[in-house]
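Residue strings, one per chain:
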Amino acid sequence: MDDALSAEAEIVPDRPGALREFWFYFRENRGAVIGLWIFAVFALLAVFGPWIAPHSATQQFRADALVPPVWQDGGSWKYILGTDPLGRDMLSRLIVGARFSFFVGIVVVVVAATGGILVGLVAGFAPKWLDSIIMRIMDIILAFPSLLLALVLVAILGPSLTNAMIAIAIVLQPHYVRLTRASVLSERQKDYVTSARVAGAGYFRLMFITVLPNCLAPIIVQGALSFSTAILDAAALGFLGMGAQPPTPEWGTMLAEAREFILRAWWVVTFPGLAILVTVLAINLMGDGLRDALDPKLKRS
Amino acid sequence: MLNYVLSRLLTFIPTFIGVTLISFSFIRALPGDPIVVMAGERGLSAERYAELSAQFGYDRPIYVQFWEYLTGVLQGDLGTSFVTKRPVWDEFFALFPATLELSVCAMIFSIVLGLPAGVIAAVNRGKFFDRALMSTALVGYSMPIFWWALLLIIVFSGNLGWTPVSGRIDLLYYFPDATGFMLIDSIASGQDGAFRSAVLHLVLPTIVLGTIPLAVIARQTRSAMLEVLGEDYIRTARAKGMSPGRINGIHALRNAMIPVITVIGLSVGTLLAGAILTETIFSWPGIGKWMVDSIFRRDYPVVQGGLLLIAVMVMVVNLTVDMLYGVINPKIRKR
């Protein structure tokens, strides 16, 4: 008898944990899973790059400048993807370069999201006049094309990868403010917030513990999107000479250095750009999967 | 309706003042004293410095300078370039047609390809065509366009020799700019081959600048179409026996266009940001290249004025889109 009861109890399924539920929906999207794998490789390269790379990223093999990749005439297995005009190994530079893009993405998303969420929460809970002021300031930042604003900010701060990250974070931050504020405003109307307030929760508790967890889904999706935007913008700034400075093997900077050789050595131009494209594409694929898995409206349909 | 327009216009004013303040203070924050930069390598004496400082008004309190700048801006006075000594306003509008021509071509390119692609993908939802188109769109959306430009140059200019690498027209042809739009001017000049040359110069920059808007429009059209295709009135039309072409092309597309138009309007900022990279790579003499060159030359009045004019342009376009949206969709106006 007892056995039968316990067996019955086992059949009643537990509500799956939030993480498992998320993974269930994420897995549906094949592109997103592929994106996740590519991103995992990218993250590994970012962490262990210098130990994986066959050569040093800055060592110049002067005798072997502009060696083509291995499958072309004149290529050798020593330099699988060829060498650049200064005789540095392309593959090693690309592998070591992964950490710059990864770092840019992480720092920009963390800085922009933290700042944006805080300001957005304040705007959502503040009296109308303060809310208006905050949103007008965000409108002002959004009125400038993002790359142009980042470019001018970097010109002020001085060209370097750190300053490029700061500039990009400032430019991307208003998107988080708008998203957070919009979801705070719709959540605030709901009964559970009223009941928490009636129970005596202070503003601080209402903001961070009651409301914020319910606003996170769109913010996480935005995080994936701005990760890829940050990588693209940092590479663009590097390409214009306003990001990481040579001899840093940052992908955009590598492209800028390679520009004059485009008609003589296609591989110096092709591979860094391909690295940027594949990384950004993988993150965007993941972002699409995240959106499908986190957006309850899409789930039901 | 009038109330809606007025309230939208009212929010424009503080944003405009803020944008002016930002472009004004950015330039004060740039490293290097503008007068020392202007003097160049010759250097200058203390008296001459004071004289110039007074001439440009740099010796007065900062709020007085801002007030004068703001009132100057409203009268169309944005200062004078340190390098060319010409008014910033004149320089901007001399170069603007080049950017406008490129942007309009890029926009036409992306709409002409993006709308049908989105519609076809939505109608064939989940099938091979849909997957292929949307994968391509995602690649386009993730494209680092400065690299894309270099690749196109390698293939079409280097290997095939079809298109020129830079500029707006071959040096062979010379004619005064009547309108500033090379496509129109080259026809008006009546010179043999001038128009062909202008078109060939436009092809690659148009593709490069249009790639991201193309991907965005295709994705947006697809999702808007999918939403509309699920509506009851589409099912009614289908039940009445209307042909699929008529349902998709007329009933669905018309309503799907509303969000798409917004996206098209809002991509003006994206286009201008893209123009910075595209124009720099193709040596296209427009606003984007002018801004980058001025930043490198530390030509403060140009950076300040250009930043302001570009921001105001984006704001005006966004405002217009907002209002048009209100005209098309009465639900928004009421709010």
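Worth saying up front: this structure is predicted, and the values here are computed from it rather than measured. (Residues numbered from 1 in each chain as written. Chains lettered and ligands numbered in written order. Predicted model: local features only at pLDDT ≥ 70, side-chain atom pairs only at ≥ 80, totals over all residues. Heavy atoms only, no water.)

Digging into the packing of helix 7 (residues 145–159) of chain B against helix 11 (residues 244–281) of chain B
Residues and elements named next belong to chain B. Filter applied, for reference: To get an axis, fit a line to the C-alpha atoms, keeping to the stretch in contact for a helix; angles then go from 0 to 180 degrees between the N-to-C directions. For helices the rule is a DSSP run of H or I covering at least 4 residues; for strands it is a run of E covering at least 2, with both sets numbered from the N terminus onward. Note that the term roughly parallel is reserved for angles under 35 degrees, roughly antiparallel for angles over 145, roughly perpendicular for angles of 65 to 115, and oblique for everything else. When the near helix sits turned anticlockwise from the far one by under a right angle, the crossing is termed left-handed; a clockwise turn instead gives a right-handed crossing. For this analysis, residues touch if any pair of their heavy atoms sits within 4.5 Å. Amino acids are sorted into nonpolar (Ala, Val, Leu, Ile, Met, Phe, Trp, Tyr, Cys and Pro), charged (Asp, Glu, Lys and Arg) and polar (every other residue, Gly among them).
At a closest axis distance of 9 Å, the pairing of helix 7 and helix 11 adopts a crossing angle of 30°. Classified by the angle their axes make, helix 7 and helix 11 are roughly parallel. Viewed along their axes, helix 7 and helix 11 form a crossing whose handedness is right-handed. Residues Ile 145, Phe 146, Ala 149, Leu 150 and Ile 153 of helix 7 form the contact with helix 11, whose participating residues are Gly 274, Leu 277, Thr 278 and Ile 281. By residue class, the composition of the contact of helix 7 with helix 11 is seven nonpolar, two polar and no charged.

Concerning the interface of chain B and chain A
As a reminder, the rule being used: Put simply, buried area is how much 1.4 Å-probe accessible surface two parts lose in total, over both of them, once they are put together. Basic side-chain nitrogens of Lys or Arg form a salt bridge, by our definition, when they fall within 4 Å of a carboxyl oxygen of Asp or Glu. Contacts described as polar in this section are N or O atom pairs within 3.5 Å, which, within protein, must combine one atom able to donate a hydrogen with one able to accept it, while residues neighboring in sequence count only if both atoms come from side chains.
Taken residue by residue, the interface counts 43 residues in chain B and 39 residues in chain A. Summed over the three residues of chain B that lose the most area to chain A, namely Phe 146, Trp 147 and Leu 150 of chain B, the buried surface amounts to 17% of that side. Remark: the boundary between chain B and chain A carries one salt bridge. The closest approach of N and O atoms between Arg 219 of chain B and Asp 288 of chain A, which form a salt bridge, is 3.4 Å. Our count for the contact surface shared by chain B and chain A stands at four residue pairs in polar contact (both at pLDDT 80 or more). Contributing elements (two or more residues each) for the side of chain B that touches chain A: helix 1 (2–29), helix 6 (128–141), helix 7, helix 11, helix 12 (287–297) and helix 13 (300–328) of chain B. No other element matches the eight residues that helix 1 of chain B contributes to the side of chain B that touches chain A. Across the side of chain B that touches chain A, the residue classes tally to 33 nonpolar, seven polar and three charged.

Concerning helix 7 (residues 161–188) of chain A
Test applied: Expected span of a helix, by definition, is 1.5 Å for each gap between consecutive residues, and there is one gap fewer than residues. By definition, a residue's bend is the angle between the axes fitted to the seven residues ending there and the seven starting there.
Taking 1.5 Å per residue as the helical rise, helix 7 of chain A with its 28 residues ought to reach 40 Å, and the 40 Å between its terminal C-alpha atoms agrees with that figure. The largest bend in helix 7 of chain A comes to about 30°, at Leu 172 of chain A, with the proline Pro 174 of chain A one to four residues further on.

Section: the pattern of salt bridges
Residue and element names in this part refer to chain A. Worth spelling out the cut-off: The cut-offs for exposure are 20% and 50% of the maximum accessible area for each residue type, with area from a 1.4 Å probe on protein chains only; residues under the lower value are buried, those over the upper are exposed, and the others partly exposed.
Applying the stated rule across the entire model yields 13 salt bridges over all chains. Arg 88 is paired through a salt bridge with Asp 84; the nearest N and O atoms lie 3.0 Å apart. Here Arg 88 and Asp 84 have matching classes, each one buried. Each of Asp 84, Arg 88, Arg 93 and Glu 257 takes part in one network of salt bridges that share partners.

Considerations on the packing of helix 6 of chain B against helix 9 (residues 194–229) of chain B
Residue and element names in this part refer to chain B. Contact pair helix 6 / helix 9: the axes reach a minimum separation of 8 Å and the direction vectors enclose 140°. One element, helix 6, and the other, helix 9, form an angle in the oblique class. Crossing handedness for the pair helix 6 and helix 9: left-handed. Packed against helix 6, whose contacting residues are Asp 130, Met 134, Ala 137, Leu 138, Gly 140 and Tyr 141, the element helix 9 presents Thr 211, Ile 212, Ala 215, Val 216, Ala 218, Arg 219 and Arg 222 at the interface. By residue class, the composition of the contact of helix 6 with helix 9 is eight nonpolar, two polar and three charged.

Here's the deal with the confidence of the model for chain B
To keep it simple, the criterion reads: Values of pLDDT, which run from 0 to 100, indicate the predictor's confidence residue by residue.
Residues of chain B with pLDDT of at least 70 account for 91%, and the chain-wide mean is 82. With a pTM of 0.85, the predicted complex shows an ipTM of 0.84.

Quick notes on the environment of Arg 93 of chain A
Residues and elements named next belong to chain A. Position of Arg 93 relative to the elements: it lies in helix 4 (residues 90–125). Of the residues examined, Arg 93 reaches a relative accessible area of 1% and is grouped as buried. Distance in space between the C-alpha atoms of Arg 93 and Met 254 is 8.7 Å, their sequence separation being 161 residues. When sequence neighbours within four positions are dropped, the list of residues in contact with Arg 93 reads Ala 57, Thr 58, Asp 84, Arg 88, Pro 247, Thr 248, Pro 249, Trp 251, Met 254 and Glu 257.

A few points about empty space enclosed by the protein
The line we're drawing: A 1.4 Å probe that fits but cannot get out identifies a cavity on a 1 Å grid over protein atoms alone, an open set with protein on both sides within 12 Å along at least five of seven lines counts as a pocket, and a residue lines either if it has an atom within 4 Å of a point. Grid points are joined across faces, edges and corners, and a volume is the space filled by probe spheres set on the points.
Under the criterion given, the structure shown has one cavity of 30 Å³ or more. In this structure, the largest cavity occupies an estimated 30 Å³ of space. Lining the largest cavity are Pro 145 and Leu 148 of chain A together with Leu 272, Ala 273, Ile 276, Ile 287, Gly 288 and Ile 310 of chain B. Breaking the lining of the largest cavity down by element, the ones donating at least two residues are helix 11 and helix 12 of chain B.

Overview of the confidence of the model for chain A
When the pLDDT values of chain A are averaged, the result is 83; 92% of them are 70 or greater. Within chain A, helix 12 (residues 296–300) of chain A has the poorest average pLDDT of any element, 50, and helix 4 of chain A the best, 90.

Considering the packing of aromatic side chains
Short version of the rule: The aromatic pairing rule takes the rings of Phe, Tyr and Trp, using the six-membered ring of Trp, and pairs them if the centres are within 6.5 Å, calling planes under 30 degrees apart stacked, those over 60 edge-to-face and the rest tilted. Ring-over charges, as used throughout, are those where CZ of Arg or NZ of Lys falls within 6 Å of the ring centre and within 35 degrees of the ring normal.
Counted by the stated rule, this structure contains 20 aromatic pairs over all chains. Ring centres of Trp 71 of chain A and Phe 271 of chain A lie 6.3 Å apart, and the angle between their planes is 85°; on these two criteria the pair is classed as edge-to-face. One end of the pair, Trp 71 of chain A, is in the loop between helix 3 (30–52) and helix 4; the other, Phe 271 of chain A, is in helix 11 (residues 266–294), and 200 residues separate them in sequence. Three or more aromatic residues joined by ring pairs make a cluster, and in this case those are Phe 39, Phe 42, Phe 102, Phe 227 and Trp 251 of chain A. Positioned above the aromatic ring of Tyr 141 of chain B, the side-chain terminus of Arg 219 of chain B is 5.2 Å from the ring centre.

Looking at unusual backbone geometry
In this chain, Pro 246 of chain A is followed by Pro 247 of chain A through a cis amide linkage whose omega measures 10°. Structurally, the position occupied by Pro 247 of chain A is in the loop between helix 9 (203–239) and helix 10 (251–258). Positive phi values are uncommon outside glycine, yet Ser 283 of chain B reaches one of about 45°. If you trace the backbone, Ser 283 of chain B turns up in the loop between helix 11 and helix 12. On the basis of relative accessible area, Ser 283 of chain B is assigned to the partly exposed category, the value being 33%. Its identity as a non-glycine residue notwithstanding, Arg 298 of chain B has a phi of 55°, on the positive side.

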